[in-house]
Structure formats: C-alpha cells, structure tokens
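# Structural description and commentary
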Amino acid sequence: MTPAVAPMQSTSRWHYLADTFLFARIVAGVAIILAASDGRPYFHHLGFVVGLVLGTWPVRGIGTATIYDAFLMGVVGAYAIVGIQWLIEVVLLHSAALTFRVSVIAPLTEEPLKILPLLLLVYVLRWRGRWSCGACDLLVLGAALGSGFGFVEDALRHKISYPDAIGAHFLGIPLTPDAHSNFIGHGGSAGFICLAIGWGVW
C-alpha cells in the first residue's frame, strides 16, 4: 500500500505549488493594474506585448501564459536592475558623471540584465521548448521581458519620459510605443536581441 500513497502525496504537493504560483501571478497582475491607476498611460508597455501576441499567433509555439510570466519576470527583474544601478551610480560614483551614467552605465546594465532570464533558459538550461518553438517565440518573450522592465521604469519615475512614440506606425498605432529619441524602447530592443539569439539557436 505504501507505493500507492507516495504518488498521491507528490501530486498533492505539485498541485499546492501550482496553486501558489497561480495566486502569485494574480497578485502580480493586480499590482500592475494598481501601479497604473494614477492616470498615466503605463499600459502602452503591456499593449505592445498584446499586439505581438496577436500578430504572431499563427507562428508561435508558446502560450499566452508563458508570455505573461515573462512580462511579470521583467517587472520583478527591473527592481533588481535598478538596485544594481543605484549601487554603481550612488554608492560608487556618488551621483557624479551624469553623462557617463546615462550613456554607459544604463545601457550596460539594462540591456543584458533584462533578458538574462531568457539567456539562462536557452544557454544554461538548454531550453528549446516544443518542436514548434523558434526565433519568433524568443522575440515575443524578449519583448515581454523588456516591456515589463519599461513598465516599472516609468512607474518608479511617476511619469512618461516619452509621451509621443517615434518610429514606424501602422494605422496610426506606434509599433514600438515606448520608443523615444534614438532608442527603439525597452520592449523593442529586448525583442530584437532575443530574435537574433533565436536565429542563432534554431
């Protein structure tokens, strides 16, 4: 009788972990809504991901739940990246050398670190997904990670640094809604980087 009990306990444990993870995702989703409740249009980051989800539906191998998790991972990872930047800029540089901080520290910390979870999955854990997965999946996951980061960056500063998106538009809708100056935006940059990684992996 003992061998029959162990699998039931194991299954119950996995159900508990799954329920806990689901609850955490719901709480994170509510937190995102509350973070954008001050009237500022932070949802353009999430809207960019939704547009990619709809546009890549015929060629995607991953589900929307995985993409949503990537967005949440980008949200959580943003706080770690901001902490690292604070240590470098405030503790080490004592808030000096503004140009160096903006043009060197920011891109060297933000661009690689915001896609680090996906790099770990692909190169360290050797994740390939199902046979139907490919570079398009990494594009969407990377864009979700970057958009999650951009969402927190806007929310922490309590403002939109770039109210008018530049670059390509389709039917009046910006394809990269957080693009500004000469930067394609966090979602767009992470998406293209991960697309290139996907071409190299698959």
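A few points on the structure.

Conventions and cut-offs
- Residues numbered from 1 in each chain as written.
- Predicted model: local features only at pLDDT ≥ 70, side-chain atom pairs only at ≥ 80, totals over all residues.
- Heavy atoms only, no water.
- Helix = DSSP H or I, 4+ residues; strand = E, 2+ residues; numbered from the N terminus.
- Buried < 20%, exposed > 50% of the residue type's maximum accessible area, 1.4 Å probe, protein only.
- Contact = heavy atoms within 4.5 Å.
- Core = buried A, V, L, I, M, F, W, Y, C linked by side-chain atoms within 4.5 Å.
- Axes fitted to C-alpha atoms, helices over the stretch in contact; angles between N-to-C directions.
- Parallel < 35°, antiparallel > 145°, perpendicular 65-115°, else oblique.
- Left-handed = near helix turned anticlockwise from the far one by under 90°.
- Nonpolar A, V, L, I, M, F, W, Y, C, P; charged D, E, K, R; others polar.
- Phe/Tyr/Trp six-rings, centres within 6.5 Å; stacked < 30°, edge-to-face > 60°.
- Bend = angle between axes of the 7 residues up to and from the residue.
- Lys, Arg positive; Asp, Glu negative; His and termini not counted.
- Salt bridge = Lys/Arg side-chain N within 4 Å of Asp/Glu carboxyl O.
- Polar contact = N/O pair within 3.5 Å; in protein donor to acceptor, adjacent residues only side chain to side chain.

Our next topic: the overall build of the protein chain. On a plain count of helices and strands, the protein chain comes out with seven helices and two strands. For the protein chain, the α and β elements follow one another from N to C terminus as α-α-α-α-α-α-β-β-α. Buried residues in the protein chain amount to 38% of all 202 residues. Long-range contacts, defined as pairs at least 24 residues apart, comprise 73% of the intrachain contacts of the protein chain with a sequence gap of at least 6.

All right, on to the nonpolar core then. A general trend in soluble globular proteins is that nonpolar side chains are found buried together. Grouped together as the largest cluster of nonpolar side chains are 23 residues, with contacts concentrated most on Val49, Ile67, Phe71, Leu118, Leu138, Leu141 and Ala144. The greatest single-element share of this core, amounting to eight residues, is contributed by helix H6 (residues 135-157). When neighbours within four sequence positions are excluded, valine 49 is seen to be in contact with Ile67, Phe71, Ala143, Ala144 and Ser147.

Turning our attention to the packing of helix H2 (residues 44-55) against helix H3 (residues 64-92). Orientation of H2 relative to H3, taken along the N-to-C sense of each, is 155 degrees, at an axis distance of 11 Å. With respect to H3, the axis of H2 lies roughly antiparallel. Note that H2 runs across H3; the crossing there is right-handed. Residues His45, Leu46, Val49 and Val53 of H2 form the contact with H3, whose participating residues are Thr64, Ile67 and Phe71. Its residues assigned to classes, the contact of H2 with H3 comprises five nonpolar, two polar and no charged.

We now examine the packing of aromatic side chains. Tallied over the full model, the rule gives one aromatic pair. With 6.2 Å between their ring centres and 70 degrees between their planes, phenylalanine 71 and phenylalanine 151 make a pair best called edge-to-face. Of the two residues, phenylalanine 71 is situated in helix H3 and phenylalanine 151 in helix H6; the sequence distance between them amounts to 80 residues. Like phenylalanine 151, phenylalanine 71 is buried.

In helix H4 (residues 98-114), a bend of some 35 degrees at alanine 106 exceeds every other bend along the element, and proline 107, a proline, comes one to four places later. The set of residues buried in H4 consists of Arg101, Ile105, Ala106, Thr109, Glu110, Glu111 and Lys114.

Contact geometry of H4 with helix H5 (residues 116-124) gives a least axis separation of 5 Å together with a crossing angle of 45 degrees. Considering the angle they form, H4 stands oblique to H5. Residues Pro112, Leu113 and Lys114 of H4 form the contact with H5, whose participating residues are Leu116, Pro117 and Leu119. Looking at side-chain class alone, the contact of H4 with H5 contains five nonpolar, no polar and one charged residues.

Structurally, the position occupied by arginine 60 is in the loop between H2 and H3. The buried charged residue arginine 60 lacks any salt bridge, with aspartate 137 as its nearest oppositely charged partner at 6.1 Å. Among the polar contacts made by the side chain of arginine 60, one reaches the main-chain carbonyl oxygen of valine 53 at a distance of 3.0 Å. Those residues in contact with arginine 60, other than ones at most four positions away along the chain, are Val53, Ile67, Cys136, Asp137 and Val140.

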